[in-house]
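# An overview of the molecular structure
Letter by letter, the chains look like this.
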Amino acid sequence: MKLKRRDDGFEIELRDGLTIGRVAASDLTIADSSVSRKHAKIRADGGAFVLCDLDSANGTTCNGLREKEMPLHGGDTVVFGRVVFDALAEQIEAKATVIDAAPFDRALIDEPAPSAPPSAAAYQPTAADEERARLRREAVSGRRSSGLGDLSQQTPLIRFLIYTFALAFLAAVIFGVRWMAHTVSGG
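About the cut-offs
- Residues numbered from 1 in each chain as written.
- Predicted model: local features only at pLDDT ≥ 70, side-chain atom pairs only at ≥ 80, totals over all residues.
- Heavy atoms only, no water.
- Helix = DSSP H or I, 4+ residues; strand = E, 2+ residues; numbered from the N terminus.
- Buried < 20%, exposed > 50% of the residue type's maximum accessible area, 1.4 Å probe, protein only.
- Contact = heavy atoms within 4.5 Å.
- Areas by Shrake-Rupley, 256 points an atom, 1.4 Å probe, with all protein chains shown as cover.
- pLDDT = per-residue confidence, 0-100.
- Core = buried A, V, L, I, M, F, W, Y, C linked by side-chain atoms within 4.5 Å.
- Phe/Tyr/Trp six-rings, centres within 6.5 Å; stacked < 30°, edge-to-face > 60°.
- Pairing = 2+ DSSP bridges.

### Some remarks on the overall build of the protein
Within the protein, the regular secondary structure consists of three helices and 10 strands. The 187 residues of the protein split such that 25% are buried. Intrachain contacts of the protein at a sequence separation of at least 6 include 41% that bridge at least 24 residues. Roughly 13000 Å² of accessible area belongs to the protein as shown, and the carbon and sulfur atoms make up 60% of that amount.

The structure is reproduced here in structure tokens:
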């Protein structure tokens, strides 16, 4: 099974432990601000693949559903942040078997004529088709994440600096209020 990015056609073969994120150390690096540094990973479960969200800020959806773990099937629409991928199932090529037609009646071996394709008017979109269309509209809408995103996705040094700055700011506000109160009271 593969994931194919919609906007540029990039394809990647899925395997157990495949990591997806914005950092260059990821197996599938997506340079988009809506994708967390460590966004998701792929886990093999028997013969199938499971998409696991790693508590990303903007989430991971499969056919519009946002879950912690989601099984992947061919034809699924997968969105990391706002970057859209299609899951492509591997197609097994049918091996042609050569049959000596001499001892058989040729009519028994020949394939029947293919039936006419259904008309476009008879086509009714399924719920999955409508969900894919909604995801396409949402992907091109331009919504982006803002700020630092999920702090748990930041490095320990960045988290330390953010918490230190927040505590220093809080202490400055408290000190300023006390100083103003002292100045106003004339003491």
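On we go from here.
### Notes on the confidence of the model for the protein
Counting all residues, the mean pLDDT for the protein is 80, and 74% of those residues have values of 70 or more. Averaged pLDDT values for the elements of the protein fall to 47 in helix α1 (residues 106-109) and rise to 94 in strand β3 (residues 19-21). Residue range residues 92-99 is modelled with pLDDT below 50. Its contacts to residues more than four positions away, or to other chains, number two contacts.

### Let's talk about the nonpolar core
Ranked by size, the top nonpolar core spans 21 residues in total, and within it Ile20, Leu51 and Phe80 carry the most contacts. For this core, the elements supplying multiple residues, two or more each, are β5 (40-45), β6 (48-53), β8 (69-72), β9 (77-80) and β10 (83-88). Apart from residues lying up to four places away in sequence, Ile20 is in contact with Ser26, Leu28, Ile30, Lys38, His39, Ala40, Ile42, Leu51 and Phe80.

### Let's talk about the side chain of Thr77
One can find Thr77 in strand β9. The contacts of Thr77, once residues within four sequence positions are left out, are Arg6, Thr61, Cys62, Asn63, Val84, Phe85, Asp86, Arg132 and Leu135.

### Some thoughts on the packing of aromatic side chains
Within the structure shown, the criterion is met by two aromatic pairs. Look at Phe80 and Phe85: their rings are 5.5 Å apart centre to centre, the planes differ by 75°, and that puts the pair in the edge-to-face class. Ring centres 6.5 Å apart and planes at 25° place the aromatic pair Phe165 and Phe169 in the stacked group. Of this pair, Phe165 and Phe169 both sit in helix α3 (residues 156-185), four residues apart, which is roughly one turn of the helix. Phe165 gets classed as exposed once you look at its relative accessible area, which sits at 61%. Judged by relative accessible area, Phe169 falls into the exposed class, the value being 53%.

### Examining unusual backbone geometry
One non-glycine residue, Asp55, lies in positive phi territory at about 55°. Of note, Asp55 is situated in the loop between β6 and β7 (60-62). Look at Asn63: it is not a glycine, yet its phi comes out positive at around 55°. Here Asn63 is to be found in the loop between β7 and β8. Owing to a relative accessible area of 27%, Asn63 belongs among the partly exposed residues under this scheme.

### Some details on the sheet that holds β6
Spatial strand order, β4-β3-β5-β6-β8: five strands in an open sheet with mixed pairing. Edge positions in the open sheet fall to β4 (28-29) and β8, since each of these has one partner strand only. Pairing analysis gives four bridges linking β6 to β8, with the strands arranged antiparallel. Along β8, the bridge assignment pairs Val50 with Pro71.

### A few points about the environment of Ala127
One can find Ala127 in helix α2 (residues 127-139). Of the residues examined, Ala127 reaches a relative accessible area of 62% and is grouped as exposed. Along the sequence, Ala127 and Asn63 sit 64 residues apart, while their C-alpha atoms lie 9.7 Å from each other.

### Here we look at the pairing of β10
Where strand β1 (residues 2-5) meets β10, four bridges bridge the pair, whose relative direction is antiparallel. Of the residues in β10, the one forming a bridge with Leu3 is Ala87. Examined bridge by bridge, β9 and β10 share four bridges and lie antiparallel to one another. Paired with Thr77 across the two strands is Asp86, which belongs to β10.

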